[in-house]
Amino acid sequence: MKNLNNYGYAFIAPFWIIFLIFNIYPVGLTFYYSFTNYSGSGTAEVVGFANYQRLIADSYFVEAFFNTWKIWGVNFGLQIVIALILAAIFSDMRVKMKGLSFFRSIFYLPNLITVSSVALLFGILLDWQHGSLNMVLMNIGIISQPINWLNEPASAQLSVSLILTWMWFGHSFIVVMAGVSGISTDFYEAALIDGANRWQTFTKITLPLLKPILLYIMITSLIGGLQLFDLPMLLTDGIGSPDGSLNTMVLYLYNQAFKYNNYGYAAAVAYGLFIITVIFSAIVFKSMYGNERKQARRV
Amino acid sequence: MMDRTEIENNVTPEKLSKRTLVPQESKTKKRRSLIKGIIYALLILTAVICFIPFLMMLVNATRSNDAILTGFTLIPGTALMENYRTMMEYVNIWNGFKNSLIISVLVTLLTGYFSALTAYGFAFYTFKGKNFLFVFMLVMMMVPGQLGLIGFYELCKNLGILDTFIPLIIPAIASPFVVFFLRQYIQTTLHPSLIEAARIDGASELRIFHTVAIPIMMPAVATMSIFTFIGSWNNYIVPLVVLFSPEKYTLPVLMGFLKGSQVAQNLGSMYLGIAISVVPIMIAFLFLSKYIVNSISAGAVKE
Amino acid sequence: MKKVVGLIMSLVLLFGVLAGCSNTETSGDAKSDNKKDVDLKVWSFTDELKKPITTFEEKNGVKVELTIVPIADYPTKLKPVLESGVGAPDVFTGEIAFLKQWVNAGYWENLSQEPYNVNEVADNYVPYVFDLGKDEQGDVRALSWQTTPGGLFYKRSIAKEVLGTDDPKEIGEMLTSMDKVFEVSEKMKEKGYRMFPDEGSIRWFSQGDDPKPWVNENDELKLTDQKIEFLDYAKELRENSYTALAPEWSPSWFEAMDKPIKVKENGKETETEVFSYVLPTWGLHSVLKTNVEDSVGDWAVTSGPSPYFWGGTWLGVYNKSENKELAYDFVKMMTQDDEFLTDWAKETGDVLSYLPVTNEIKDDFSDEFLGGQNNYQFFLDQAKSIEPGIVTKYDQQLDTFYGNAVQEYVDGKKSKDEAIAEFYKKAQNAYPELKVPKK
């Protein structure tokens, strides 16, 4: 029988060969480059911690860091609130809404479209002078002057946040619904008997029980959000204008490496990004679970 | 505007519940159906907002550049064919479609098969270092893809596989998240006695995997495949970095290419190009929406 | 144990098959190309080589494949291709903004050596064009068929209505300084026209009569007073509504060449027409002619406040090409074939750097599009004042950064000092090796 267990190695071998070559090795190589002044060709000279020192003092990286957070934060807040409201509507046993699968599909639709198509589409829809959005808004009379959406730092960031919300609230809604339908009806019946109103039911029963699901949405969204690249790259001129407000961390990494040929420094940017992701994922995890960790696990 | 804020106020759960506590039955019923109507109206409004950008895209794809520049209307124009010709003169969207499809299908197949294989290996054999490898894999799962990007690029350069599909396809064999998901799944669904029985029947180990394990894992593999496919289809930064020749571009990269090309001079053609990249996906979604929605739900709850 | 070995073997086999699959998959395009017998691959950033390539194919009975990559991505995409040699072109073009970088990168074949010996024909070229194609050792790496002095293209009908004349000489005299340009702009505005499509239009004039490179020989970034003045001029254009708010290369920029355009400003929507476009030689055939239908013949070209040159396409042979002979034949046709170049010049109005042909045609050249004006003579005169020493390898990124800084100042998002400081910071960030003024 012991012999058979050697198959275990054979079964996992392809995975590990590819994993080592295309995953571990590049990550290690990037780590090495982050200590060099490699410029994409020629030889790499080891420069110690110089790249990291530069990173800490680099106001563009700091700017990119805060931009990424602002854009992600606004989008996430909106997305989760909309998803929760929708879930509350559809899960209410007293109102009994119909058409769940229809609305779910429609709301999810924007998420399926390639981000670069979305970016391109909004890029021309949001055009200041000739974008269809401004034209429609002006025709209806909501605005009297065209808004230069992508030219003011605040509105550019808000635009990206809203586009992200548009793309992702359907997804969050589906996930929240899945969580809600997993909650036993016993809880609600008991609440009904106790005379709890809707708001109490929602805050005292639904929300706490949804915690693991919300955490799941938050962490996956956070990891994706910190890697924000396509939208700012294609909505602007590729360097994150206006006023650097759409300069995100990954866009900065891309530009440093593949546009300015500062591979060594870009590698350090990548590790900076990684460390930040780890720290914030940990914070999110801690703050959501905190002391009730054991309790949460049981759920 | 006034109506809207009032509607929104009405929807808050607190108000809903207070209203429903009104004693008279008929009045409550009336109120309830009114509220229901308002909620439906809001839902439809949200749905419309979801769909409006697509609608603008479709309408504008049929209009000429100067028509688009002068104003927006919902009436389709007549410049569809002209837009198409202008676009095709510079960018072959269909080619990008083909490339994306080839890559995404192969990625999905490889991920599905090899992740199942690996998950099975982890779940049903005991060997030295198994736990260590599994935990190590989980740790690496947390590493964002961009971390290794520069090293990955250098690796591909040294292997001479830049500007080919290999760096986009082969790494799919190692997908830690899918392995993790499938291992959790198969541990609860496949009982070891089934494997024992097959062994007694004289089946080889690989055969057992193919005939016993794979069919049982199939629902989970299908779930993950949808994610894998969408992920690969939408992948932008890796093909952007490793592909150089425009005829090899995937759809997302081709979209960026479209923006910089001469097609961008003509808004109608731009809209048409975007529409072509979007509409087939929408049609496919019409047929598959149920599965996709179920997969997302399953993916989240199984965590 | 045997079984394990067998399993591993079959896995290896499977790998091989898969790798093979993806290999054929990826080389699928190349293969089908082989069927079509592609003899020569050419990479460029515009479609202007399309027609010459057809001519070349017919003449030589070969198949040429042209790959066009938008200019913003062109260096990023081409560099790795040349580095690795995978799918690399036999001939590729270089734009002046990154020419300096490439002649020294060693991707282009040395054309000064056997069997090309281009130095023998050096006298046939406008000197600056020939010199720009040389590397640090003075060897020629790339050649160009064109010279790219700039002008100011305007609409005759509007000129007549507003300025009382459409004669290029007289119009040119009305635009000899920036102050005069603003006077004319005001006149245009009074009659409901806009002088320029956007603020960037005047950036070339802002270099003044004595343009300086972005970076001098000591790696010092220099922002000249003239370049700083450009900030004020651009702002003045915007604040006085002298432009149609149609950014360069945007759909509205192209649209405004031929048709009235709507401008939304200060809460009003007005319809207006654009008077002039600041473009160099190639702007005529690859920008104006391809986008203008209604106003053909209504255009003319004259000089602005100061001479300038903009762009230019050089081409050379990839030094790892397996088909250098044919590749050089193509380069030769583009740059030294009397018959082809004469046809090309007459057809497009492109101003050549190849003197045997230009001397032949310049005297009685006239272009229908420009109402019969002899643009050749005009541009050749302008070409004399071109100062090639201002080209550096940083131009492409620095131009982008500075354009951005100007835009932010014009939009009122930054003060002048802030915009300049921002520009310095970006330049330093992208090129740590530069010495940037501390401000």
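Residues numbered from 1 in each chain as written. Chains lettered and ligands numbered in written order. Predicted model: local features only at pLDDT ≥ 70, side-chain atom pairs only at ≥ 80, totals over all residues.

- An unreviewed UniProt entry annotates chain A as ABC transporter of Guptibacillus hwajinpoensis.
- In UniProt, chain A has this text filed under Subcellular location (unreviewed entry): "Cell membrane".
- The record held by UniProt for chain A lists under Sequence similarities (unreviewed entry) the comment "Belongs to the binding-protein-dependent transport system permease family." (UniProt positions renumbered as here; feature names shortened; annotations may be inferred.)

What to know about the overall build of chain B
Here's step 1: Tallying secondary structure elements over chain B gives 15 helices and 0 strands in all.
Here's step 2: If you line up chain B on its principal axes, its C-alpha atoms span 70 × 70 × 35 Å.
Here's step 3: Residues counted as buried form 45% of the 303 residues belonging to chain B.
Here's step 4: A separation of at least 24 residues holds for 74% of the contacts in chain B among residues at least 6 apart in sequence. (Helix = DSSP H or I, 4+ residues; strand = E, 2+ residues; numbered from the N terminus. Buried ≥ 20, exposed ≤ 12 C-beta atoms within 10 Å, placed from the backbone. Contact = placed C-beta atoms within 7 Å.)

Description of the overall build of chain A
Here's step 1: A tally of helices and strands in chain A yields 13 helices and 0 strands.
Here's step 2: Dimensions along the principal axes, computed over C-alpha positions, put chain A at roughly 75 × 75 × 35 Å.
Here's step 3: Each of the 299 residues in chain A was classed as buried or not, and the buried ones make up 48%.
Here's step 4: Considering only intrachain contacts with a sequence separation of at least 6, the fraction spanning at least 24 residues in chain A is 68%.

So, the interface of chain B and chain C
Here's step 1: Each partner contributes to the interface: chain B provides 30 residues, whereas chain C provides 24 residues.
Here's step 2: Of all the secondary structure elements, the ones that give two or more residues to the side of chain B that touches chain C are α4 (65–70), α6 (93–124), α9 (166–169), α12 (205–234) and α14 (251–260) of chain B.
Here's step 3: Counted by class, the side of chain B that touches chain C contains 13 nonpolar, 11 polar and 6 charged residues. (Nonpolar A, V, L, I, M, F, W, Y, C, P; charged D, E, K, R; others polar.)

Side note on the sheet that holds strand β9 (residues 299–302) of chain C
Residue and element names in this part refer to chain C.
Here's step 1: The 3 strands lie next to each other as β8-β4-β9, forming an open sheet whose pairing is antiparallel. One side of each edge strand has no neighbouring strand; the edge strands of this open sheet are β8 (276–280) and β9. Along the sheet, successive strands turn relative to each other by an average axial angle of 30°, direction set aside.
Here's step 2: Note that strand β4 (residues 150–155) and β9 share 4 bridges and pair antiparallel. Along β9, the bridge assignment pairs Phe153 with Val301.
Here's step 3: On top of the sheet, helix α7 (residues 156–163) reaches β4 and β9; it is set at about 75° to β4, its chief contact.
Here's step 4: Strands in contact with helix α12 (residues 281–291) are β4, β8 and β9; relative to β8, the strand with the most contacts, it is inclined by about 115°. (Pairing = 2+ DSSP bridges. Axes fitted to C-alpha atoms, helices over the stretch in contact; angles between N-to-C directions.)

Notes on the interface of chain B and chain A
Here's step 1: Each partner contributes residues to the interface: chain B has 73 residues there, and chain A has 76 residues.
Here's step 2: Ranked by residue count, the leading element in the side of chain B that touches chain A is helix α15 (residues 267–301) of chain B, at 14 residues.
Here's step 3: A class-by-class count of the residues in the side of chain B that touches chain A yields 51 nonpolar, 15 polar and 7 charged.

Observations concerning the sheet that holds strand β5 (residues 193–194) of chain C
Here's step 1: Ordered by their spatial adjacency, 3 strands build an open sheet running β5-β7-β6 (chain C), and the pairing between neighbours is mixed. Sheet topology places β5 and β6 (261–265) of chain C at the edges, where each strand pairs with a single neighbour.

Quick notes on the domain arrangement of chain B
In many analyses, interface size is given as the accessible surface area lost on bringing the parts together.
Here's step 1: Annotation of chain B at the domain level lists domain 1 (2–79) and domain 2 (92–260).
Here's step 2: Computed from C-alpha atoms alone, the centre-to-centre distance between domain 1 of chain B and domain 2 of chain B is 41 Å. (Domains from an automatic or database assignment.)

Some points on the nonpolar core
Here's step 1: In terms of nonpolar packing, the biggest core is built from 287 residues, with A:Leu253, A:Ala270, B:Ile169, B:Leu182 and C:Val91 touching the most fellow members.
Here's step 2: At 14 residues, the largest contribution of residues to this core is made by helix α7 (residues 153–181) of chain A.
Here's step 3: If we ignore the near neighbours within four places in the chain, the residues touching C:Val91 are C:Leu40, C:Val42, C:Leu315, C:Val317, C:Tyr318, C:Ala327, C:Phe330 and C:Val331. (Core = buried A, V, L, I, M, F, W, Y, C linked by C-beta atoms within 7 Å.)

Side note on unusual backbone geometry
Residues and elements named next belong to chain C.
Here's step 1: The omega torsion across Glu114 and Pro115 is -5°, close enough to zero to call that bond cis.
Here's step 2: Residue placement: Pro115 occurs in the loop between α5 (96–103) and α6 (127–132).
Here's step 3: Phi is positive for Ser241, close to 55°, though the residue is something other than glycine.
Here's step 4: Among the structural elements, Ser241 can be located in the loop between α10 (225–239) and α11 (251–258).
Here's step 5: Its 17 C-beta neighbours within 10 Å are what place Ser241 among the partly exposed residues.

Points about the UniProt feature "transmembrane region" (unreviewed entry) in chain A
Residue and element names in this part refer to chain A.
Here's step 1: The positions that UniProt labels "transmembrane region" (unreviewed entry) are, in the present scheme, residues 7–25, 71–90, 102–126, 168–188, 209–229 and 263–285.
Here's step 2: Across residues 7–25, the secondary structure splits into 100% helix and 0% strand, with the terminal C-alpha atoms separated by 25 Å.
Here's step 3: With 86% helix and 0% strand, the stretch residues 209–229 has end C-alpha atoms that lie 34 Å from each other.

Looking at the confidence of the model for chain A
Here's step 1: Confidence in the prediction of chain A, expressed as mean pLDDT, is 86, and 95% of residues score 70 or more.
Here's step 2: Per-residue pLDDT stays below 50 along residues 291–299 of chain A; that stretch engages in 5 contacts with residues further than four places along the chain or on separate chains. (pLDDT = per-residue confidence, 0-100.)

Thoughts on the packing of helix α3 (residues 59–91) of chain A against helix α9 (residues 198–226) of chain A
Residues and elements named next belong to chain A.
Here's step 1: Contact geometry for α3 and α9: axes closest at 11 Å, N-to-C directions at 145°. The interaxial crossing formed by α3 with α9 has right-handed handedness. Each of Thr68, Trp72, Phe76, Ile80 and Ala88 in α3 lies in contact with α9, whose residues at this interface are Phe202, Ile217, Ser221, Gly225 and Leu226.
Here's step 2: Considered class by class, the residues forming the contact of α3 with α9 number 7 nonpolar, 3 polar and no charged. (Left-handed = near helix turned anticlockwise from the far one by under 90°.)

Some details on the environment of C:Thr67
Residues and elements named next belong to chain C.
Here's step 1: Following the sequence through the fold, Thr67 ends up in strand β2 (residues 64–68).
Here's step 2: Taking the C-beta count within 10 Å as the criterion, Thr67 has 19 such neighbours and is therefore assigned partly exposed.
Here's step 3: For the pair formed by Thr67 and Lys41, sequence separation is 26 residues and the distance between their alpha carbons is 7.6 Å.

Some thoughts on the pairing of β6(C)
Residue and element names in this part refer to chain C.
Here's step 1: Where β6 and strand β7 (residues 268–274) come together, 5 bridges link them in antiparallel fashion. Residue Val263 lies in a different strand from β7, and its bridge partner there is Thr270.
Here's step 2: Following β6, the chain reverses through 2 residues before pairing antiparallel with β7; Asn266 in that reversal takes a positive phi of roughly 45°.

Overview of the confidence of the model for chain B
Should the pLDDT be low somewhere, the predicted coordinates at that spot are not to be read in detail.
Residue and element names in this part refer to chain B.
Here's step 1: Averaged over every residue, the pLDDT of chain B is 85; the share at 70 or more is 91%.
Here's step 2: At the level of individual helices and strands, chain B shows its lowest average pLDDT in helix α1 (residues 2–11), which scores 39, and its highest in α9, which scores 95.
Here's step 3: Below a pLDDT of 50 lies the segment residues 1–22, which in the model reaches 26 contacts outside its immediate sequence neighbourhood of four places, other chains included.
Here's step 4: Complex prediction metrics read pTM 0.83 and ipTM 0.83.

What to know about the packing of helix α17 (residues 395–410) of chain C against helix α18 (residues 416–430) of chain C
Two packed helices can be described by the angle between their axes and the distance between those axes.
Residue and element names in this part refer to chain C.
Here's step 1: Packing of α17 against α18 leaves a shortest axis separation of 9 Å and a crossing angle of 155°. Here α18 runs roughly antiparallel to α17, going by the angle between their axes. Crossing geometry of α17 relative to α18 is assigned as right-handed. When α17 is examined against α18, the residues Gln397, Leu398, Phe401, Tyr402, Ala405, Glu408 and Tyr409 are found in contact with a partner set consisting of Lys416, Ala419, Ile420, Glu422, Phe423, Lys426, Ala427 and Ala430.
Here's step 2: Looking at the contact of α17 with α18, its residues break down into 10 nonpolar, 1 polar and 4 charged. (Parallel < 35°, antiparallel > 145°, perpendicular 65-115°, else oblique.)

Considerations on the pairing of β2(C)
All names here are of chain C.
Here's step 1: Examined bridge by bridge, strand β1 (residues 40–44) and β2 share 5 bridges and lie parallel to one another. Looking across to β2, one finds that Trp43 is bridged to Thr67.
Here's step 2: For the crossover that starts at β1, traverses helix α3 (residues 50–60) and ends in the parallel β2, the hand is right-handed. (Right-handed = clockwise from strand over helix to strand, strands pointing away.)

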